[in-house]
Amino acid sequence: MSAPAGQESPVAAEAVVDPDYPVTPVPLHARKSFLSLAVVLLGFTVFTPTMLAGAQLGSAFALGDLLRVILLGSLVLGTYVALLGWIGAKTGLTTVVMARYVLGYRGSKLGSILLGGTQIGWYGVVIGTIGDLTATAFEWESDVAKAAVMIATSVLMCLTACYGYRGMYWVSAISTPLILILAFWVLFRSLDEVGGWSGLADVQPNATMTTAVAITTVVGTFVSAGTQAPNWTRFARSGNQALLACVIGFLIGNGLMIFFGATGAMTFGQGDFVLVLYDLGLVTWGLVLLFGNLWKSNADTAYAFGVAGAELFEKPKKTPFVIYGSVIGTVLALVGVQNHLVDYLVLLGVFIPPLGGVVIGDYFARWRHGGMPEGERLPALNIPNLAVYAVASGVAWIAKEAEFGVPPVIGVVLAALGSYAVGRAGLNRRLS
């Protein structure tokens, strides 16, 4: 990986000892099969908290309108992530390392801080949620028992992430089918409660939500995490394989989880399937769904802040940063971050998608035919692209505050168009 002009990258001077290649391109011999990649990405998006977003939609839309909103939102999300995933496969690089070529060698640290910091926060939220729901299930009053569950599950997730792609693949292969079977089973129970699909179609909404806000909700469920899809698609053997795997994970998988949450809200008045299972007296199965699902998703989260830390501090191994971030996230969970940080993380969701937009636009303007070569000499700061990112993020934030349009989409489109324009105009000159 290149350092600023006239400097040698610390990474280039060291042998890469991490089999996940966190700061260098994944070589062809280390690429994975399409089935392997699809399993990992589907396991990433089959995520219990996504059903909470679906619950909001289920309360506000009748079945026909609900399906249209989920389809439109999933198409937007799937298209965005698929483009980034395709670029990841073509370059073999993570999102944060691609940001070096787009924002400059030092400017990319902004991306590492945003993506890594947000994922540490989400890691803490998930760990805290596991502790809270486990305590609820068993009616624990002791904070010590709840804290022990948080620490134990965090250690398990951290170890999975340390094993990298291989560890996450096996967890996905085991847990995802079980979770989907259980989710479909509860869907069928929901249909029994209301008299089938016709009964579900007759359920009237008890809340209001505009279509634009609803699509924003669908896109927002995974747009921040989806920006880091190249972390996994860089292992694909071709761009087309990466694109199709992203469609399966982010369009189909994420859309299904939103739909499951929506039907739970429409039928039981409860959008979280874990709590639906509790209401049905199936505490054990509720915990199976909870741990199996969040184990894989949070291991992906730990992996993401591990590779972000490796880029930020220019080290060839992700493992130390997986461990450090897991410790910080666990401490945040122990002090109750899940009760305070969600709004902050949603706000960051406005500022992260434009980063993906800048990567997409700049890649198609400057790098598509020649790739992002490891020996490329890069500026410390790519001022034009940094300015595009700042403007796109600002407009997306204004749109969010004004409740206008779909802020993540606005940010991505403006950033992609802006970076493509300055790239084609030659404002971002290569140094070599």
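- Identification of the protein as Cytosine permease from Nocardioides simplex is taken from an unreviewed UniProt entry.
- Taken from UniProt, the Sequence similarities (unreviewed entry) comment for the protein reads in full: "Belongs to the purine-cytosine permease (2.A.39) family."
- According to UniProt, the comment filed for the protein under the heading Subcellular location (unreviewed entry) is "Membrane".

## Section: the confidence of the model for the protein
Stage number 1. Residue-level pLDDT values for the protein average 85, and 91% of them are 70 or greater.
Stage number 2. Across residues 1-16, confidence stays below pLDDT 50; counting only partners more than four residues off in sequence or on other chains, it has 40 contacts.

## Here we look at the environment of Gly116
Stage number 1. Within the fold, Gly116 resides in helix H5 (residues 108-138).
Stage number 2. Exposure remark for Gly116: the relative accessible area of 6% places this residue in the buried category.
Stage number 3. Separated by 18 residues in sequence, Gly116 and Thr134 place their C-alpha atoms 27 Å apart.

## Some details on the packing of aromatic side chains
Stage number 1. As enumerated under the stated definition, the model contains 18 aromatic pairs in all.
Stage number 2. Arranged with centres 4.8 Å apart and planes meeting at 40°, the rings of Phe44 and Trp232 form a pair that is tilted. Highlighted residues: Phe44 in helix H1 (residues 34-45) and Trp232 in helix H11 (residues 230-233), separated in sequence by 188 residues. Per residue, the accessibility class of Phe44 equals that of Trp232, and both read buried.
Stage number 3. The rings of Phe44, Phe222, Trp232, Phe250 and Tyr303 are connected pair by pair, giving a single aromatic cluster.

## Section: the pattern of salt bridges
Stage number 1. On inspection of all chains with the given rule, the structure shows ten salt bridges.
Stage number 2. Where Glu311 meets Arg100, a salt bridge forms, and the shortest distance between an N and an O atom there is 2.6 Å. A residue pair is termed long-range when its members are at least 10 positions apart, and Glu311 in helix H14 (residues 283-312) and Arg100 in helix H4 (residues 95-103) qualify at 211 residues. Summarising the burial analysis for this pair, Glu311 and Arg100 share the class buried.
Stage number 3. Close ionic contact of Arg366 with Asp362 constitutes a salt bridge, the shortest N to O distance being 2.9 Å. Note that Arg366 and Asp362 are positioned in helix H17 (residues 353-367) at a spacing of four residues, about one turn of the helix. For the residue pair Arg366 and Asp362, the accessibility class agrees, reading buried in each case.
Stage number 4. Among the charged side chains, a network of salt bridges with common partners joins Arg100, Arg106, Lys109, Glu311 and Glu314.

## Focus on the packing of helix H6 (residues 143-162) against helix H15 (residues 319-334)
Stage number 1. Closest axis-to-axis distance for the H6/H15 pair is 10 Å, and the angle between their directions is 160°. Judged on the interaxial angle alone, H15 and H6 are roughly antiparallel. The interaxial crossing formed by H6 with H15 has right-handed handedness. Within the contact between the two elements, H6 uses Ala147, Met150, Ile151, Ser154, Cys158, Ala161 and Cys162 and H15 uses Thr319, Val322, Ile323, Ser326, Thr330, Ala333 and Leu334.
Stage number 2. Residues that form the contact of H6 with H15 fall into these classes: ten nonpolar, four polar and no charged.

## Remarks on unusual backbone geometry
Peptide bonds are trans in most cases, and residues, glycine excluded, mostly fall at negative phi.
Stage number 1. Phi is positive for Glu139, which is not a glycine, with a value near 55°.
Stage number 2. Within the secondary structure layout, Glu139 lies in the loop between H5 and H6.
Stage number 3. Notably, Glu314 is not glycine yet its phi reads approximately 55°, a positive angle.
Stage number 4. For Glu314, a relative accessible area of 10% corresponds to the buried category.

## Structural notes on helix H2 (residues 50-60)
Stage number 1. Among the eleven residues in H2, eight count as buried, and that is most of the element.
Stage number 2. Listed in full, the buried residues belonging to H2 are Thr50, Met51, Ala53, Gly54, Ala55, Leu57, Gly58 and Ala60.

## Description of the packing of helix H18 (residues 383-402) against helix H19 (residues 407-424)
Stage number 1. For the pair H18 and H19, the least separation of the axes is 8 Å and the interaxial angle reads 160°. The orientation of H18 relative to H19 falls into the category roughly antiparallel. Judged by the sense of rotation from one axis to the other, the crossing of H18 with H19 is right-handed. Residue-level contacts link Pro384, Asn385, Val388, Ala392, Val395, Ala396, Ala399 and Lys400 of H18 to Pro407, Ile410, Gly411, Leu414, Ala415, Gly418, Ser419 and Val422 of H19.
Stage number 2. Of the residues assigned to the contact of H18 with H19, the class counts are eleven nonpolar, four polar and one charged.

## Some remarks on a nonpolar patch on the surface
Stage number 1. A cluster of nonpolar side chains, contributed by Ile151, Val155, Leu159, Ile323, Tyr324, Val327, Val331, Leu334 and Val335, occupies part of the molecular surface with about 820 Å² of accessible area.
Stage number 2. Looking at which element gives the most residues to the nonpolar patch, the answer is H15, with five residues.
Stage number 3. Topologically, Val335 is positioned in the loop between H15 and helix H16 (342-351).
Stage number 4. The class of Val335 is exposed, set by a relative accessible area of 63%.

The rules behind these values
- Residues numbered from 1 in each chain as written.
- Predicted model: local features only at pLDDT ≥ 70, side-chain atom pairs only at ≥ 80, totals over all residues.
- Heavy atoms only, no water.
- UniProt positions renumbered as here; feature names shortened; annotations may be inferred.
- pLDDT = per-residue confidence, 0-100.
- Contact = heavy atoms within 4.5 Å.
- Helix = DSSP H or I, 4+ residues; strand = E, 2+ residues; numbered from the N terminus.
- Buried < 20%, exposed > 50% of the residue type's maximum accessible area, 1.4 Å probe, protein only.
- Phe/Tyr/Trp six-rings, centres within 6.5 Å; stacked < 30°, edge-to-face > 60°.
- Salt bridge = Lys/Arg side-chain N within 4 Å of Asp/Glu carboxyl O.
- Axes fitted to C-alpha atoms, helices over the stretch in contact; angles between N-to-C directions.
- Parallel < 35°, antiparallel > 145°, perpendicular 65-115°, else oblique.
- Left-handed = near helix turned anticlockwise from the far one by under 90°.
- Nonpolar A, V, L, I, M, F, W, Y, C, P; charged D, E, K, R; others polar.
- Patch = residues over 30% accessible without salt bridge, like charges linked within 9 Å, V, L, I, M, F, W, Y side chains within 5 Å.
- Areas by Shrake-Rupley, 256 points an atom, 1.4 Å probe, with all protein chains shown as cover.

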